[in-house]
Amino acid sequence: MVTFLNTSWGTLLLPTHVQWPVGMFGTELDLGSAAFINQLSTDLNTENADNVQAPAFQAINALTLLSGVAAIDIQGGVQTSSIFSFNGVSYNQSTGGVLPAIEEYSGSLTPPGSHVGLAFSGGRVPVNTNFDWKNTRDTGTQGITKNYTVTQQGVTANVTCQPIDRSQNTFSIDPTLTQGPNITFITWEAVANCSGNLNGQIFFTAGNASGQMDNATTGFIPVVICPYPDSTTFNPYKFGMAFVIFVRYLYGFLPTTVCEVVPYLTTVNVTYNRGIVSVDRIGTSSGLTSSPNLPLSQYIATVMTYQSGTNQGMIKNTIGDLLTVYGTNNVSVVYSELEDYWRGIVEFSSTQLRSGYSASGVPSNMTRPTNGTMYITTYGWQSKAYTYILLLVVITVIWGATILTAGYSLIQETTHASDSSFDFSDPIHLIIAASGGRLESQLHDGDGNEADNSEDITVRFEDVPDKVGSRISKRMVPVVPELRQRLLDSD
């Protein structure tokens, strides 16, 4: 009773951790809006578009590679968890194609200057999110910790990698050797034919003086996006990448491969917690698969083309080295890693593009609404619990009456002579009997086949003296039959 009452009063009077939800609403750039599609198309088709994009591509070159590596969910058959950072924002594995909708998660505070749009390589991106405080006096409440869940627009892709079907696709390479005194430079022209759509790309490697590449130390993975992003046959709904591997070189474990990429807009739940942005896809595909958003698909394909070229070095390939470390004995694992890798690049390139066109503010005809909830963890009490309070008052009254009765009995015990009789109406006697367990042997001894006559047991109290003979307490003992008869005779 005492323990229960203490817990009850503690719950009522002492604050506990509570989570306070606060509604959120705002706007963000809509990559599927007609106004944005027209603006991006205009920017991509200007005469100096390549010059505008060049500084941004150089700045994000390493980030594009890292975005693909971080997005790989299983490496060598082992579940992994990676953090990818871009523009001062930390994402859980991949960006999901979103831009932070929370001010403290928005990243860099450096003004981007004139490097906006296609030229964006980093800098402050404003956030347009408001909170629905029910009471103005609560505005700006910080609490102990805060986390957020916001429904936003994301971009991702379905990526499927498999061995090349030569009845539909072909891939060829043509080397040109340039001899040097001790080394040979090899220029490779890789040409892919994807169901009648052609594209080619140039790669450079190095060989020995006789023009041969070392099988043990040199690797070559030419990757061609097909069809070419700027060609009239480019399909905004899906495009492919063709990989050819020479078995005689370092990455011979991977067969000639085709990866099909189907980008799409989707709805995502974004969680902002402990400085990390986590994206969880909750909606079906829309936008890129239901309407031809050609400029966005072209931009994504252009980024992937640029990355496939920079991955190949003079003697090794970054993707090849990654696949060599993880899963080389299982082709299906390799395909899964490739799919995650390119999907991560699709999502990052979308986030980078969204950042560039949001850095200087988003026109109202390019926006879409966002909504979510901020959860403030703080200390507080439960309100409107009148039933619990009433029960607590009743229990307190009973507890108080019990304490007063016990106290009165103790006072009587100290002011009157010691009485060896047992009074079942005395709470002190009851407490001693219950806690002492002095009747246990009398109640449980005897033949189990005979009926118990516990009601015939007589009990009495005897004094418990200290070392000098003074009474310090009482204890209850049963009266043995002989002693019981003697007491009866004396009566």
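What counts and what doesn't
- Residues numbered from 1 in each chain as written.
- Predicted model: local features only at pLDDT ≥ 70, side-chain atom pairs only at ≥ 80, totals over all residues.
- Heavy atoms only, no water.
- Disulfide = S-S within 2.5 Å.
- Helix = DSSP H or I, 4+ residues; strand = E, 2+ residues; numbered from the N terminus.
- Buried < 20%, exposed > 50% of the residue type's maximum accessible area, 1.4 Å probe, protein only.
- Phe/Tyr/Trp six-rings, centres within 6.5 Å; stacked < 30°, edge-to-face > 60°.
- 1 Å grid on protein atoms, 1.4 Å probe; cavity = no way out; pocket = protein on both sides within 12 Å on 5 of 7 lines; lining within 4 Å.
- Points joined across faces, edges and corners; volume = space filled by probe spheres on them.
- Core = buried A, V, L, I, M, F, W, Y, C linked by side-chain atoms within 4.5 Å.
- Contact = heavy atoms within 4.5 Å.
- pLDDT = per-residue confidence, 0-100.
- Axes fitted to C-alpha atoms, helices over the stretch in contact; angles between N-to-C directions.
- Parallel < 35°, antiparallel > 145°, perpendicular 65-115°, else oblique.
- Left-handed = near helix turned anticlockwise from the far one by under 90°.
- Nonpolar A, V, L, I, M, F, W, Y, C, P; charged D, E, K, R; others polar.
- Expected span 1.5 Å × (residues − 1).
- Bend = angle between axes of the 7 residues up to and from the residue.

S.K.: How would you explain the state of the cysteines if you had to name every residue and give the values?
M.R.: Using the criterion set out here, one finds one disulfide in the structure. In this model C161 forms its disulfide with C259; the gap between the sulfur atoms is 2.0 Å. The sign of the 110 degrees torsion about the S-S bond sets the C161-C259 disulfide as right-handed. Pair noted here: C161 is in strand β7 (residues 145-163) and C259 is in strand β13 (residues 257-273), with a separation of 98 residues, a long-range link. For C161, a relative accessible area of 7% gives the class buried.

S.K.: So what about the packing of aromatic side chains? Which residues, and what values?
M.R.: Evaluated as defined, the whole model comprises eleven aromatic pairs. A ring pair is formed by Y105 and Y272, whose centres lie 5.3 Å apart and whose planes are at 70 degrees; its orientation type is edge-to-face. In this pair, Y105 sits in the loop between β5 (89-92) and β6 (129-132) while Y272 sits in strand β13, placing the two residues 167 residues apart along the sequence. Through a chain of ring-to-ring contacts, the aromatic side chains of W20, Y105, F131, W133, Y148 and Y272 assemble into a single cluster.

S.K.: Provide a residue-level description of empty space enclosed by the protein, including the pertinent values.
M.R.: Here the structure, examined in full by the defined rule, presents one cavity of 30 Å³ or more. Taken as a whole, the largest cavity encloses approximately 50 Å³ of empty space. Lining the largest cavity are F86, N87, V89, Y91, L99, P100, S106, V125 and S355.

S.K.: With reference to specific residues and values, describe the nonpolar core.
M.R.: In terms of nonpolar packing, the biggest core is built from 41 residues, with F36, L40, M304, L338, W342 and L353 touching the most fellow members. At the level of elements, α2 (34-44), β7, β11 (223-226), β13, α4 (294-311), α5 (318-325) and α6 (331-356) are the ones that each hand at least two residues to this core. Sort the elements by how many residues they give to this core and α6 lands first, with eight residues.

S.K.: Kindly report on α2, identifying the contributing residues and their values.
M.R.: Those residues of α2 that fall on the buried side of the exposure criterion are A35, F36, I37, L40, D43 and L44. Residues of α2 that are buried in the fold lie against β1 (16-29), α3 (49-70), α4 and α6.

S.K.: Summarise the confidence of the model for the protein chain; cite the residues concerned and give the values.
M.R.: Looking at the protein chain, pLDDT values average 79 and 70% of them are 70 or higher. Low pLDDT, under 50, characterises residues 286-291; the predicted model gives this stretch 17 contacts beyond four residues in sequence or across chains.

S.K.: Any chance you could break down the side chain of T377 for me, citing the residues and the numbers?
M.R.: Following the sequence through the fold, T377 ends up in strand β15 (residues 367-380). What T377 contacts, discounting residues up to four positions off in sequence, is H17, V18, Q19, G143, I144 and T145.

S.K.: Hey, could you go over unusual backbone geometry for me, with residue numbers and the actual values?
M.R.: In terms of backbone geometry, most residues other than glycine have negative phi values and most peptide bonds are trans. One non-glycine residue with positive phi stands out, namely N87, at about 55 degrees. Structurally, the position occupied by N87 is in the loop between β4 (83-86) and β5. Its identity is not glycine, yet R274 carries a phi of approximately 55 degrees, on the positive side. Following the sequence through the fold, R274 ends up in the loop between β13 and β14 (276-281).

S.K.: Requested: an account of the packing of α2 against α4, with residues and values cited.
M.R.: For the pair α2 and α4, the least separation of the axes is 8 Å and the interaxial angle reads 50 degrees. Classed by the angle they form, the pair α2 and α4 counts as oblique. As α2 packs across α4, the resulting crossing turns out to be left-handed. Facing I37, L40, S41 and L44 of α2, the residues of α4 in contact are P295, L296 and Y299. Of the residues in the contact of α2 with α4, the class split is six nonpolar, one polar and no charged.

S.K.: Outline α3, supporting the account with residue identities and numerical values.
M.R.: Taking 1.5 Å of rise per residue, the 22 residues of α3 would be expected to cover 32 Å, and the 29 Å separating its terminal C-alpha atoms lies within 8% of that figure. By the largest-angle criterion, I60 marks the main kink of α3, which is about 50 degrees. Among the residues of α3, those classed as buried are A49, Q53, A56, F57, I60, T64, S67, G68 and A70. Packed against the buried residues of α3 are α2, β4, α4 and α6.

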